[in-house]
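# Tertiary structure, described
Here is what each chain is made of, one letter per residue.
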Amino acid sequence: MTTTLTKLKKTAAKQRNIPQNRVNVKSIKSHDNFDVFTQVFAQSLLDDNFDIDRTASESTNETSTQGGRGINITICEMREIKNDDFKIQMTPTSDGGVEIYKVEVSKQNRGEGLGTFLFKRMTYISEKMNTPLYLIPVDYTRTIGDDTLRKFYKNLGFSRCCKNDYWSNFKK
């Protein structure tokens, strides 16, 4: 796995064509962590013979700052890894972590251990990469309930880490 991580880090760094004089090293590191994490996770599923679709979307929101002093640009990138059995959506965080935005397991596969398998795989990779995972344990679809979801995440090693109800697999 170390060889794969090394190759993917080099690839992620080469894929950026940003002039060096305008680069914030922390933001590149965060984005590289996100790129590498999603690539390693997707590849690990392919290696286990999962048939997956990988999609990436990026949206830009531009707003004027006070007094017309310029433009504040917010870029929000979302990666989605999915197949007929599950869908996972992730975004990068400013500290180099990964926010697990949404995880859905198809109705016919619930209760079979697929969600547990996916989370254990993501947690394993995040720990090897020293890249924290974040999530908010709320059942927006109202399929299993917030209490059941919190218990599920707690059993996987997640706990509340900061304000705004975020949980993480890393202790702060």
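Here goes a summary of the coordinates provided. (Residues numbered from 1 in each chain as written. Predicted model: local features only at pLDDT ≥ 70, side-chain atom pairs only at ≥ 80, totals over all residues. Heavy atoms only, no water.)

When its secondary structure is counted, the protein shows four helices and seven strands. Its helices and strands taken in sequence order, the protein reads α-α-β-β-β-β-α-β-α-β-β from the N to the C terminus. Expressed as a percentage of its 172 residues, the buried residues of the protein come to 37%. Excluding contacts between residues fewer than 6 apart, the proportion of contacts in the protein whose partners are at least 24 apart in sequence is 54%. Working note: accessible area of the protein is about 11100 Å², and carbon and sulfur atoms make up 46% of it. (Helix = DSSP H or I, 4+ residues; strand = E, 2+ residues; numbered from the N terminus. Buried < 20%, exposed > 50% of the residue type's maximum accessible area, 1.4 Å probe, protein only. Contact = heavy atoms within 4.5 Å. Areas by Shrake-Rupley, 256 points an atom, 1.4 Å probe, with all protein chains shown as cover.)

Using the criterion set out here, one finds eight aromatic pairs in the structure. Between the aromatic rings of Phe119 and Phe158, the centroid separation amounts to 6.1 Å while the plane-to-plane angle is 85°, which identifies the pairing as edge-to-face. Of the two residues, Phe119 sits in helix 3 (residues 114-129) while Phe158 sits in the loop between helix 4 (146-155) and strand 6 (159-160), which places them 39 residues apart along the sequence. One aromatic cluster is present, built from ring pairs that chain together Phe119, Phe152, Tyr153 and Phe158. (Phe/Tyr/Trp six-rings, centres within 6.5 Å; stacked < 30°, edge-to-face > 60°.)

This part takes up the nonpolar core. One finds Phe41 and Met90 to be the most contacted residues of the largest nonpolar core, which totals 28 residues. Those elements giving two or more residues to this core turn out to be helix 2 (25-47), strand 3 (86-92), strand 4 (98-105), helix 3, strand 5 (133-135) and helix 4. Residues in contact with Met90, not counting those within four places in the same chain, are Phe34, Phe37, Thr38, Phe41, Glu77, Met78, Arg79, Ile81, Val98, Glu99, Ile100 and Tyr101. (Core = buried A, V, L, I, M, F, W, Y, C linked by side-chain atoms within 4.5 Å.)

Moving on to the layout of surface pockets. Empty space within the largest pocket amounts to approximately 760 Å³. Lining the largest pocket are 27 residues, and of these Val103, Glu104, Ile144, Leu149 and Tyr153 lie nearest its centre. Secondary structure elements with two or more residues in the lining of the largest pocket: strand 4, helix 3 and helix 4. When residues of the lining of the largest pocket are assigned to their parent elements, the largest contribution, seven residues, is made by strand 4. The class makeup of the residues in the lining of the largest pocket is 14 nonpolar, seven polar and six charged. (1 Å grid on protein atoms, 1.4 Å probe; cavity = no way out; pocket = protein on both sides within 12 Å on 5 of 7 lines; lining within 4 Å. Points joined across faces, edges and corners; volume = space filled by probe spheres on them. Nonpolar A, V, L, I, M, F, W, Y, C, P; charged D, E, K, R; others polar.)

Tracing the chain through its elements places Ser106 in the loop between strand 4 and helix 3. For the pair Ser106 and Asp84, spaced 22 residues apart in sequence, the C-alpha separation works out to 7.3 Å. Setting aside chain neighbours within four positions, we find Ser106 in contact with Asp84 and Asp85. One polar contact links Ser106 to Asn109, side chain to side chain, over a distance of 2.7 Å. (Polar contact = N/O pair within 3.5 Å; in protein donor to acceptor, adjacent residues only side chain to side chain.)

Tallying each qualifying case throughout the model produces seven salt bridges. A salt bridge links Asp48 to Arg121, with the nearest nitrogen and oxygen atoms 2.5 Å apart. Placement of the pair is Asp48 in the loop between helix 2 and strand 1 (53-64) and Arg121 in helix 3, with a sequence separation of 73 residues. According to the relative accessible area criterion, Asp48 is partly exposed, its value standing at 36%. For the salt bridge of Arg150 with Asp147, the shortest nitrogen-to-oxygen distance reads 3.6 Å. Here Arg150 and its partner Asp147 are both found in helix 4, three residues apart, which amounts to about one turn of the helix. (Salt bridge = Lys/Arg side-chain N within 4 Å of Asp/Glu carboxyl O.)

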